[in-house]
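# Structural characterization, general
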Amino acid sequence: MVGYRRFLPGLSLWLVLLSSSWSSLLFAAEPVLGGADGVKLHRDLIYARPAGQPLALDIYQPVRPGIRAPMPVLLIFHGGGWLINDKSIMQQMAGYVAAKADIVVVNADYRLLSSNHNTTKLNQIVEDALGATLWVQRNIQQYQGDPARVAVTGDSAGGHLAAMVTLAGQNLSSQGFASRTPGFKPSYLPDGESAESIRAAGGIQVQAAVLSYAVFDLQARAFADFETAKNGFWAMGKASARGFFGAGINVHSHPELYRALSPLYLIPKAHQRRLPPQFVHVGSRDTLTTPESARQYVDAVNQAGHHSELHIYPGLNHAFLDNDCNEYLGNCFDRDAKTPLDDIIRFLTETLVVPASDAKPAC
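Notes on the structure follow. Everything quoted here is computed from the prediction, not taken from an experiment. (Residues numbered from 1 in each chain as written. Predicted model: local features only at pLDDT ≥ 70, side-chain atom pairs only at ≥ 80, totals over all residues. Heavy atoms only, no water.)

## Thoughts on the state of the cysteines
A covalent bond between the sulfur atoms of two cysteines is referred to as a disulfide. Operational definition: For the purposes of this analysis, a disulfide is any pair of cysteine sulfur atoms at a distance within 2.5 Å. A simple rule labels every residue: compare its accessible area, found with a 1.4 Å probe on the protein chains alone, to the largest value its type can have, and call it buried under 20%, exposed over 50%, or partly exposed in between.
Evaluated as defined, the whole model comprises one disulfide. Note on cysteine connectivity: Cys-325 is disulfide-linked to Cys-332, with sulfurs 1.9 Å apart. Residues Cys-325 and Cys-332 are joined through a disulfide that is right-handed, its torsion about the S-S bond being 115°. Overall, Cys-325 belongs to the partly exposed group, its relative accessible area being 48%. Residue Cys-332 is classed as buried on the basis of its relative accessible area, which comes to 18%.

In structure tokens, the structure reads:
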């Protein structure tokens, strides 16, 4: 295995990412899109209230003349080590995609590990991502989105969540993540339905995935001190370091739980279950989620008989899809994000295409 200790960011990177999260909160107060972009913004729609915490999402609905509905849908999960940031840090990405393509974009929040007095478990965050996906599939028609053409995406920790939705949407259980029998209970369930009824109907399935400098091996991250104070995201999230699953559970005593949250170990053979097409990308200078880790995942997906494509962008560092500029990482959205986003739009357009005869002009 690749030595993951070197993937942990240094103190300077932690401070830079923390300043980025502050700027994203300020950015959230500004208007996202103007009428000239042909996008209607539906802000802060509550999709679930796990443990009493409201979780919101924003919907960017293209409303330009000539759009044919229903449109494909892209659901975004933000990054931040599962400990910092919120959906506001992905506003520019969401707005760009909705303005440049006839795609309904959904930008979702989820619980952080520090939520509810630092008691949220990482499997519960995955349940939020699954719940957001299910909510979109059951409600997006109200915004001219097609529930049968949903793609998930995310960057860094959000890329991990998007990968988990893609790979674990059939592993649903009302018992949740019980020891030795890990399963997921989505944070949102339609009235009258259960995790088991959703699973019996085929589970939560998406039609494409875009994984942006994602985390693919949680088990390796745990071995590399991600659950200790050496991981500066705990301090940035104003939380004490602890295990992803709480006290008494660690990677040595319960390795199966860590593997159940590691996309690298969840890839089925194509004859067992067909995965949707996946677009995986990373910057060549990324030392937090490296090109090597992305290539390892893509190779495993393709060797299992599925389709995935890998793009390594020369000169780019981590977090190049986040809002604005990050001087330490050397990224600026306006300069660095647009080529990858155009590639993503191309992938989604080709993957989620529907014959014109099946669509109708939007009203």
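## Let's talk about the packing of aromatic side chains
Basically, it comes down to this: In this scheme Phe, Tyr and Trp rings, the latter by its six-membered ring, pair at centre separations within 6.5 Å, and the angle between planes marks the pair as stacked below 30 degrees, edge-to-face above 60, and tilted otherwise. Secondary structure elements are taken from DSSP: a helix is a run of H or I of four residues or more, a strand is a run of E of two residues or more, and numbering for both begins at the N terminus.
Scanning all chains against the criterion turns up nine aromatic pairs. Taking 6.3 Å as the distance between ring centres and 80° as the angle between the ring planes, the aromatic pair formed by Trp-82 and Phe-226 counts as edge-to-face. Separated by 144 residues along the polypeptide, Trp-82 in the loop between β4 (71-77) and α2 (91-100) and Phe-226 in the loop between α7 (218-223) and α8 (233-236) bring together distant segments of the chain. Overall, Trp-82 belongs to the buried group, its relative accessible area being 1%. For Phe-226, a relative accessible area of 3% translates into the label buried. Pairing Phe-216 with Tyr-297 gives two aromatic rings, centres 4.1 Å apart and planes at 10°, and the pair type is stacked.

## Digging into unusual backbone geometry
In the segment running from Ala-69 into Pro-70, the intervening peptide bond is cis, with an omega of 0°. With respect to the element layout, Pro-70 can be found in the loop between β3 (68-69) and β4. One non-glycine residue, Asn-85, lies in the positive phi region at around 80°. Topologically, Asn-85 is positioned in the loop between β4 and α2. Among the residues examined, Asn-85 registers a relative accessible area of 15% and is labelled buried.

## Considerations on the sheet that holds strand β2 (residues 55-62)
We count it as follows: The pairing criterion is simple: DSSP has to find at least two bridges between the two strands. Axis lines are fitted to C-alpha atoms, over the contacting stretch for helices. Their N-to-C directions set the angle, which ranges from 0 to 180 degrees.
Strand order in the open sheet formed by eight strands is β1-β2-β5-β4-β6-β9-β10-β11, and the pairing between neighbours is mixed. Two strands close off the open sheet at either side, each with one partner strand: β1 (39-48) and β11 (308-313). Averaged over all pairs of adjacent strands, the angle between strand axes in this sheet comes to 20°, irrespective of strand direction. The sheet contact formed by β1 and β2 spans seven bridges and is antiparallel. Opposite Leu-41, over in β2, you have Tyr-60 as the bridge partner.

## Details of the packing of helix α4 (residues 122-139) against helix α5 (residues 157-168)
This is how it is decided: The scheme is simple: roughly parallel for angles under 35 degrees, roughly antiparallel for over 145, roughly perpendicular for 65 to 115, oblique for anything else. The crossing is said to be left-handed when, going from far helix to near helix, the turn is anticlockwise and less than a right angle, and right-handed when the turn is clockwise. A contact between two residues is defined here by any heavy atoms of the two lying within 4.5 Å. Residue type decides the class: Asp, Glu, Lys and Arg count as charged, Ala, Val, Leu, Ile, Met, Phe, Trp, Tyr, Cys and Pro as nonpolar, and the leftover types, Gly among them, as polar.
Between α4 and α5, whose axes approach to 9 Å, the crossing angle comes to 65°. Classified by the angle between their axes, α4 and α5 sit roughly perpendicular to one another. For the pair α4 and α5, the sense of crossing is right-handed. Contact residues: Ile-125, Val-126, Ala-129, Leu-130 and Thr-133 in α4; His-160, Leu-161, Met-164 and Val-165 in α5. The class makeup of the residues in the contact of α4 with α5 is seven nonpolar, two polar and no charged.

## Quick look at the packing of α2 against helix α11 (residues 333-351)
In the contact formed by α2 and α11, the axes pass within 11 Å of each other and the chain directions differ by 50°. Considering their axes alone, α2 and α11 lie oblique with respect to each other. Considering how the two elements wind past one another, α2 and α11 form a crossing that is right-handed. On the side of α2, the interface is formed by Gln-92, Met-93, Tyr-96, Val-97 and Lys-100, while α11 contributes Phe-333, Asp-334, Lys-338, Leu-341, Asp-342 and Ile-345. Its residues assigned to classes, the contact of α2 with α11 shows six nonpolar, one polar and four charged.

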